[in-house]
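An overview of the molecular structure
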Number of protein chains: 2
Amino acid sequence: MKKLKIIVAYKGTNYHGFARQPNGITIQECLEKAIFDLTGQKIEVLGAGRTDTGVHAKAQCCMAILDTKIPITKFASAMNAKLPKDIVVQSVEEADENFHPRFNAKRKTYRYQILNSKQNNPFIQDIAYFYPYNLDFQKMVLASIYIEGTHDFKCFCSSNTQVKSTTRTVYSLNLKKDEQGLITIDICGNGFLYNMVRIIVGTLIEIGRGVIPPDDMKMIIESQNRNLSGPTAPPQGLMMYNIEY
Amino acid sequence: MKKLKIIVAYKGTNYHGFARQPNGITIQECLEKAIFDLTGQKIEVLGAGRTDTGVHAKAQCCMAILDTKIPITKFASAMNAKLPKDIVVQSVEEADENFHPRFNAKRKTYRYQILNSKQNNPFIQDIAYFYPYNLDFQKMVLASIYIEGTHDFKCFCSSNTQVKSTTRTVYSLNLKKDEQGLITIDICGNGFLYNMVRIIVGTLIEIGRGVIPPDDMKMIIESQNRNLSGPTAPPQGLMMYNIEY
């Protein structure tokens, strides 16, 4: 038996998220089916984290334990031959005995893209949230500094989840804007609550719109009140970007 | 009557090129239909150049002459409400009386993208040619310098076309490669022969593969022989990038 570490990129547009579920086709299911087609083994593919319906990944990190005669150097291409074209295995390597994609993850980075321009861009419309109204980018940058650090982020957690602790550490939150109006928000932390990145982005958009003053971000975090933060930004702008172990 | 200059971006994947034709849906047809839906007028939309099946445009420049009460500032958004989502009008402005998108074009820039990596990238696979084999990028750069300037480019012209002169001026040809293996080739000239950019790229790929030595590019151009240049690179990597007037 071999323990494989599988890095997968996918465009989530046509999938009901990563995790297997009865009501729609998922990334996990496609990966498991590809491995079944290759090896005849029904195994579970574990991911570093779930991604919701419509959310993308540049580098989801997965694990599979299986028995195969396919050389490890050929395994990524072999899987890609069986996968739909919007799911692409980037690399496969043999993992350490103790490796676990979720429990061993030290830092996770998510990227959220907002296209803030008058008209959409057909080349990125599936992976960016198109927002054609005025956003004051400097206000968003000012507000973002309150998010870095270790805080109780209950205000950015979907109310229907149960977790022991809502305290997380955000190592960095970087915003940039290019000349096409594409705003890229990279947020790196030790872990994220359910919908945390999308609610942070939704709050930054309210600040960019002028609805919430930038310095209120501090008070919103301290309030631990989900009703004071902004709406959950739509899934298509979000991408699981990098997992470090 | 108003003469409108319409800048359009489109992903050509699902279209039979720009120019109207009986056998498949085209960009021109979609633009004309959108204008008909808005104004009730059956008019012709002229483009700066044709793009083939599967070829994209970041900024195709079009012209339409019509009578409309829709304010010019709202016309782009009005058209986008009628267009499929992979065709997006970027801007509409009133053009000069003498403006013609094809005859007045001074400089055209095309971009060709090659993804030279082991595995594909689901976010750009529709707009880059995936080439997973070894390419010596430095050889491609060395060969490219022979293309700049005014030359008879008959060797890069599809044999089934008839034009008066096959002499064109290439102002610049720039290649860059990023850390993901994405090779971007930007070529700017006063005009291009049919399939010229794709044959130049096909020849650069033969050079990158080591099949043709870089310095042979000079001899290939001088030969004026289409049989000595490389194959026509596939359409999905090509994008009409910019037109200057």
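One structure accompanies this document, and this report is about it. (Residues numbered from 1 in each chain as written. Chains lettered and ligands numbered in written order. Predicted model: local features only at pLDDT ≥ 70, side-chain atom pairs only at ≥ 80, totals over all residues. Heavy atoms only, no water.)

**Thoughts on the interface of chain B and chain A**
This is how it is decided: In what follows, residue pairs with any heavy atoms lying within 4.5 Å of each other are defined as contacts. The term buried area denotes the loss of accessible surface (1.4 Å probe radius) that occurs when two parts are joined, taken as the sum for both partners. What makes a salt bridge here is a side-chain nitrogen of Lys or Arg within 4 Å of a carboxyl oxygen of Asp or Glu, nothing more. Polar contacts, as used here, are pairs of N or O atoms within 3.5 Å; protein pairs need one atom able to donate a hydrogen and one able to accept it. Residues neighboring in sequence count only if both atoms are side-chain atoms. Only runs of H or I of at least four residues qualify as helices and only runs of E of at least two qualify as strands under DSSP, and these elements are numbered from the N terminus.
Contact with chain B, which involves 23 residues of that partner, is made by 23 residues of chain A. Carbon and sulfur atoms make up 55% of the area that chain B and chain A hide from each other, which totals about 1,700 Å². Counting the surface chain B buries against chain A, the share from its top three residues, Q119, P122 and F123 of chain B, is 39%. Summed over the shared surface of chain B and chain A, the result is 2 salt bridges. Here chain B and chain A share 10 residue pairs in polar contact (both at pLDDT 80 or more) between them. Elements with a minimum of two residues in the side of chain B that touches chain A: β1 (2-10), β3 (56-66), α2 (72-82) and β4 (87-94) of chain B.

**Some points on the side chain of D86 of chain B**
Residue and element names in this part refer to chain B. Defined as follows: Categorising residues by exposure relies on relative accessible area from a 1.4 Å probe, with only protein chains included: less than 20% of the type maximum marks a residue as buried, more than 50% marks it as exposed, and the intermediate range marks it as partly exposed. Positive charges come from Lys and Arg alone, negative charges from Asp and Glu alone, with His and the N- and C-terminal ends not counted.
Position of D86 relative to the elements: it lies in the loop between α2 and β4. No salt bridge is formed by the buried D86. Its closest oppositely charged neighbour is K11, at 6.8 Å. Within the structure, the side chain of D86 is placed 2.6 Å from the side chain of Y15, a separation counted as a polar contact.

**A word on the pattern of salt bridges**
Within the structure shown, the criterion is met by 18 salt bridges over all chains. In this structure, D186 of chain B and R111 of chain B form a salt bridge, with 2.8 Å as the shortest nitrogen-oxygen distance. Of the two residues, D186 of chain B sits in strand β9 (residues 182-189) while R111 of chain B sits in strand β5 (residues 107-115), which places them 75 residues apart along the sequence. Summarising the burial analysis for this pair, D186 of chain B and R111 of chain B share the class buried. Through salt bridges that share partners, K11 and D126 of chain A together with K85 of chain B make up one connected network.

**Digging into the nonpolar core**
General note: in soluble globular proteins, nonpolar side chains tend to be found buried as a group. The condition is simple: Residues grouped as a nonpolar core are buried Ala, Val, Leu, Ile, Met, Phe, Trp, Tyr and Cys residues, joined through side-chain atoms within 4.5 Å.
Core analysis: the largest hydrophobic core is formed by 72 residues, its most contacted members being I6, L31, M79, I87, I114, F156 and I185 of chain A. Ranked by residue count, the leading element in this core is helix α4 (residues 196-209) of chain A, at 8 residues. The residues touching M79 of chain A, leaving out its near neighbours within four places in the chain, are I6, L31, A34, I35, L38 and V89 of chain A. One finds C157, V201, I205 and A233 of chain B within the second-largest nonpolar core, a separate group that totals 71 residues.

**Topic: the state of the cysteines**
Formally: In plain terms, two cysteine sulfur atoms within 2.5 Å form what is called a disulfide here.
Taken as a whole, this structure holds 0 disulfides over all chains when the rule is applied. Free of any disulfide, C30 of chain B has its nearest neighbouring cysteine sulfur in C62 of chain B, separated by 12 Å.

**Focus: the pairing of strand β9 (residues 182-189) of chain A**
Residue and element names in this part refer to chain A. The condition is simple: Here a strand pair is declared whenever DSSP counts at least two bridges between the two strands.
Buried residues dominate β9, accounting for 8 of its 8 residues. Along β9, one buried face is formed by L182, T184, D186 and C188 and the opposite face, lined by I183, I185, I187 and G189, is buried too. The sheet contact formed by strand β5 (residues 107-115) and β9 spans 8 bridges and is antiparallel. The residue bridging I114 from the neighbouring strand is I183, located in β9. Note: strand β8 (residues 167-177) against β9, 7 bridges, orientation antiparallel. Across the sheet, the residue bridging to L173 is I187, located in β9. Hairpin connection from β8 to β9: 4 residues lie between these consecutive antiparallel strands, with G181 at a positive phi of about 90 degrees.

**Topic: the environment of M1 of chain A**
Residue and element names in this part refer to chain A. Mapped onto the fold, M1 is located in the segment before β1 (2-10). Considering only alpha carbons, one finds M1 and I145, 144 residues apart in sequence, at a separation of 47 Å. Filtering out sequence-adjacent residues up to four positions away, M1 remains in contact with I65, L66 and D67.

**Looking at helix α1 (residues 27-39) of chain B**
All names here are of chain B. Test applied: Take the number of residues in a helix, subtract one, and multiply by 1.5 Å to get its expected span.
Here α1 is 13 residues long and its end C-alpha atoms lie 18 Å apart, about the 18 Å a rise of 1.5 Å per residue gives. Residues of α1 that are buried include every one of I27, Q28, C30, L31, E32, A34 and I35, and no others. Packed against the buried residues of α1 are β1, β3, α2 and β4. At the N-terminal boundary of α1, the capping side chain belongs to T26, with an oxygen 3.3 Å from the backbone nitrogen of E29. One or two residues past the end of α1 sits G40, with phi positive at roughly 75 degrees.

**As for the relation of the copies chain B and chain A**
The relation between the two chain copies is a rotation about an axis coupled with a shift along that axis. As a reminder, the rule being used: The atoms used to superpose the copies are C-alpha atoms, taken from residues with pLDDT of at least 70 in both, and the fit is least squares.
The two copies are related by a screw operation: chain B maps onto chain A through 180 degrees of rotation and 0.0 Å of translation along the axis, at an RMSD of 0.0 Å. Classification of the inter-copy transformation places it as that of a two-fold axis. Comparing interface residues between copies, 100% of those in chain B also lie at the interface in chain A; the contact surface is shared.

**Side note on the pairing of β5 of chain A**
Residue and element names in this part refer to chain A. A large share of β5 lies buried, amounting to 8 of its 9 residues. Judged from the 6 bridges that link them, β5 and strand β10 (residues 238-244) form a sheet pairing that is antiparallel. Bridging from a neighbouring strand, R107 pairs with E244 of β10. As defined by bridge partners, β5 adjoins strand β6 (residues 129-130) across 2 bridges and the pair is classed as parallel. Paired with I114 across the two strands is Y129, which belongs to β6.

**What about the packing of aromatic side chains?**
Residue and element names in this part refer to chain A. Put simply, the test is: Note on ring pairs: Phe, Tyr and Trp rings are taken, using the six-membered ring of Trp, and paired if centres are within 6.5 Å. Classes follow the plane angle, with under 30 degrees stacked, over 60 edge-to-face and the rest tilted. Placement of a positive charge over a ring is assigned whenever Lys NZ or Arg CZ falls within 6 Å of the ring centre and within 35 degrees of the normal to the ring plane.
Applying the stated criterion to the full structure yields 12 aromatic pairs over all chains. Summarising the aromatic geometry, the rings of F153 and F156 are spaced 6.0 Å apart at their centres and angled 25 degrees between planes, so their arrangement reads as stacked. In this pair, the class of F153 matches that of F156, namely buried. Here the aromatic cluster, defined as three or more aromatic residues joined through ring pairs, consists of Y129, Y131 and Y133. Sitting over the face of the ring of Y241, R111 holds its NZ or CZ atom 4.2 Å from the ring centroid.

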